[in-house]
Every structure is written in C-alpha cells, then in structure tokens.
Amino acid sequence: MRRVVVTGMGAVTPIGNSVEEFWNGVKQGKIGFAPITRFDTADYKCKLAAEVKDFEPEKYMDRKAARRMEQFCQFAVAAAGEAISDAGLNMEEEDPYRVGCSVGSGVGSLQAIEREYGRLLEKGPSRVGPLFVPLMISNMAAGNVSIQFGLKGKSINVVTACATGTHSIGEAFRTIQYGDADVMIAGGTESAVTPISIAGFSSLTALSDSTDPARCSLPFDRDRSGFVMGEGAGIAVLEELDHAKKRGAHIYAEVLGYGCSSDAYHITSPAEDGAGAARAMINAVNDGGVNPADVTYINAHGTGTHHNDLFETRAVKLAFGDHAKNIKINSTKSMVGHLLGAAGAVEFITCVKELQEGFIHRTVGLQEPGEELDLDYCMESCREEIPYALSNSLGFGGHNASILVGKYREA
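Description of the structure in this document. All values reported here derive from a predicted model rather than from experimental measurement.

1. Thoughts on the pattern of salt bridges
Moving on, step 1. Under the counting rule described, the total for this entry stands at 21 salt bridges.
Moving on, step 2. Between R115 and E70 there is a salt bridge, with its nearest N and O atoms 3.0 Å apart. Taken as a pair, R115 in helix α4 (residues 110-123) and E70 in the loop between α2 (63-67) and α3 (71-87) lie far apart in primary sequence, 45 residues in all.
Moving on, step 3. For R115, a relative accessible area of 32% puts it in the partly exposed group.
Moving on, step 4. Taking relative accessible area as the criterion, E70 reaches 10% and is therefore assigned buried.

2. Structural notes on the packing of aromatic side chains
Moving on, step 1. One pass over the structure, following the stated rule, counts seven aromatic pairs.
Moving on, step 2. Considering the side-chain rings of F55 and Y60, the 5.2 Å spacing of their centres and the 10 degrees angle between planes classify their relative orientation as stacked.
Moving on, step 3. Exposure remark for F55: the relative accessible area of 13% places this residue in the buried category.
Moving on, step 4. In this structure Y60 comes out as partly exposed when scored by relative accessible area, which is 30%.

3. What about the side chain of S18?
Moving on, step 1. Structurally, S18 can be placed in the loop between β1 (4-12) and α1 (19-28).
Moving on, step 2. Excluding anything up to four places from it in sequence, S18 contacts A11 and E82.

4. Quick notes on the sheet that holds strand β14 (residues 399-406)
Moving on, step 1. On the basis of which strands lie adjacent, the open sheet formed by ten strands has the order β5-β4-β6-β7-β1-β8-β14-β13-β9-β10 and mixed pairing. Each having just a single partner strand, β5 (155-156) and β10 (328-330) make up the two edges of the open sheet.
Moving on, step 2. Note: strand β4 (residues 99-104) against β5, two bridges, orientation parallel. Within the sheet, the bridge partner assigned to C101 lies in β5 and is S155.
Moving on, step 3. In this fold α3 packs onto β1, β4, β6 (183-190) and β7 (232-240), with an angle of close to 135 degrees to the strand it touches most, β1.
Moving on, step 4. Against the sheet, helix α7 (residues 164-178) touches β1, β4, β5, β6, β7, β8 (253-262), β13 (388-395) and β14, its axis set at about 170 degrees to β6.

Parameters and conventions
Residues numbered from 1 in each chain as written. Predicted model: local features only at pLDDT ≥ 70, side-chain atom pairs only at ≥ 80, totals over all residues. Heavy atoms only, no water. Salt bridge = Lys/Arg side-chain N within 4 Å of Asp/Glu carboxyl O. Helix = DSSP H or I, 4+ residues; strand = E, 2+ residues; numbered from the N terminus. Buried < 20%, exposed > 50% of the residue type's maximum accessible area, 1.4 Å probe, protein only. Phe/Tyr/Trp six-rings, centres within 6.5 Å; stacked < 30°, edge-to-face > 60°. Contact = heavy atoms within 4.5 Å. Pairing = 2+ DSSP bridges. Axes fitted to C-alpha atoms, helices over the stretch in contact; angles between N-to-C directions.

Structural data, given as structure tokens:
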C-alpha cells in the first residue's frame, strides 16, 4: 500500500489568514466571533458570525482572475497557494497529470444566487450575468485551484455538507494510495455568511442566537444553543511518501486511515445512538491498522448544537467502549465557528499541528458539560505527546467521515 504524507498546508480562517496566524490564534484561545458586517441583521435572530477579516484577494492572485471568482473560490486559491509554497512543490518539475485536486465546497456561492436572482426580478432574465453559473457552482473551487496552479491530474469536488472537507482529504488520500496520483491538493472552502444562509439555518433552529461573542459557540457546554456560521478554507498537500522523499520535502505527518458511513436516518439529525459516526471512526482506525486503545485524541465535529454534541458523544463511547474516558476530545469550532464545507479541512490542519507540537487546544467557552456529556472535552489546553489524531465530520443527510493522521515514522 502506498503511504501518504502531508507536506504542505494553507489556511484562511476567522482567526488568521495563514496557517501560522491561525495556529497562533488556536494556541491563544482566540475567538473569531463578532457582529455580522456583510448585511444588516436588524430583522434576523442571528446577529453573530465568524467572518474572515482583512482578506485581500489581490495578495494571492491577479486582479482579473479574482474578478472571475466568488469569495469561496478566492479563499481556496489563497489557501492552496500557501500550501503549495509551504510544500516547496515546483510544478515545472512535476508531471502535471500526476498532480490532482480534491477541493470541495458545501454550497458554492449563495452570494451569486442572491445577486443574480435580484437582477432577474428587477430587470428581467436578459440581465442575469453571463458568468452566473460558473461563478456559483461548487466545483469551481477545485476548478480554479487547478487552473491557477496547473494541476492536470484528477480534479474532484466532493459535496457532503459539513463533511465535505474531510471527505475531500480522504478521497485524495485514496487517490494516492490507489496510484491515480502522486500529489493531491486537498481540502475544503466556504463563504456562506449571506442573508439567505443565515435566515435558512436560523429557521432550522441550527444557529445560536446569542449576542455575546464569548458565549455563542459552546460545543459540549450545557448552555449550547446552536452553531455560529464561519467561513474560510483549509488546504493540504498530500503526497506519496517516496515522491516526497525524492524531492526532499518536509513531512509534517502521515495520513493513516479514512472511514466513512451513512446514518440513513434523517436529513438533519445524526442517528441518536451514534452508530453511524461510530462506524466511520472504527473504519478509519481499522484502515490505519491502529489499536483503538492507542487513539487518545479526537478533534470532534463538535458544532454546539444539542443533538450533534450528545449523539457524537454516544458515538465515541460506542466506538471505543471504556477507553472513551481516556480520550481527549476538543472542538476547533469553539474558536472559528462552523465553516461548513471547509470545517473538516481546517480541523485536519489543526490535528497535524497538534501532532507536530504536542499541544491539545482547549474547547473555548466550555464551562460545564451538558447532560450525558461525561467525557474529557478539554476544558483546558495541555501539552501532551499524541501518536495519532482522529478527526470527525458529520454532515446533513447523514454523511459521516473520519480521518486518522499520525506522526511520520520511517518504518
């Protein structure tokens, strides 16, 4: 089986527009929550979001290219550029047909839909922009990343709602394992702080209506009341081990296992017994050939909704039995909110950094766990060497994905 390693990472997040800024923010317990600036929220129940700050697309691409991209694509190109640079990947020295792209977005551009539908109603069908469709569709993140960096290998867009980022990285992992590529640029991106998105998720009662940035995104807390919408992108360079060694690449970690399942239960709620999510975790651990007792850290989906946190806790117990009480569990969403299609990718980067530095971040805002939530949810950060990190993503529609990463070892 071909081994797959991580050689580069890039991020655009509500607490930093690079991996270094993001990770420093994570270690500080920085939160990215503030009143929404993109539109007037006077008539909305939800007032807060985790918006990306000070993002200037011209820093990452030329102005003409930026104008032909919606923001979710701009985020993806910016993060991919950082990841490729970080990996020291020179496309002039690569066979471009052996370098692919697996970058997903859960919803694409809702901004384009809102804007062009307004034109349709106000000015008629002939005034809808000619680039509306290619600006809006979710696969354009992968398309634009491929175009910008000359990636001619497999190019795919996985869309599984909140599990998109993890599935995208997992499918890139499988692509390299199977031999369809030597390098994959993989991750997720999203920019969904828009009127229709906030209104829709609010109507679903999925969003927190707290107006206190310090008490809005509260995974596993007894006062949790929903998630906070975030945005951004996370991209990793995955590479076949020998290929990475031959070009002298720095290796951050090794991707060991990938597991998926479907709840086949409900369009928004996870299965109440956690069986689907548990199976995804078990599949990932088994795929990596790892003893479950050696898994001591999980980056949870941890959205801060009542159902997710309760049912994910049940899933961890079902997957790991009595060992569950020995596992440290945290939620990066406590700082950056829920990045939808980008969530799993940014959390994957968090796992790699935690492995690298032996630092497990706290679940910010957690004061007292809710009823039945009796595991270790990292109320405080800690220094602890961990051999493996398991990251969970659970998407609307019952899509479950888990990915296992570990410290790179020669043998």
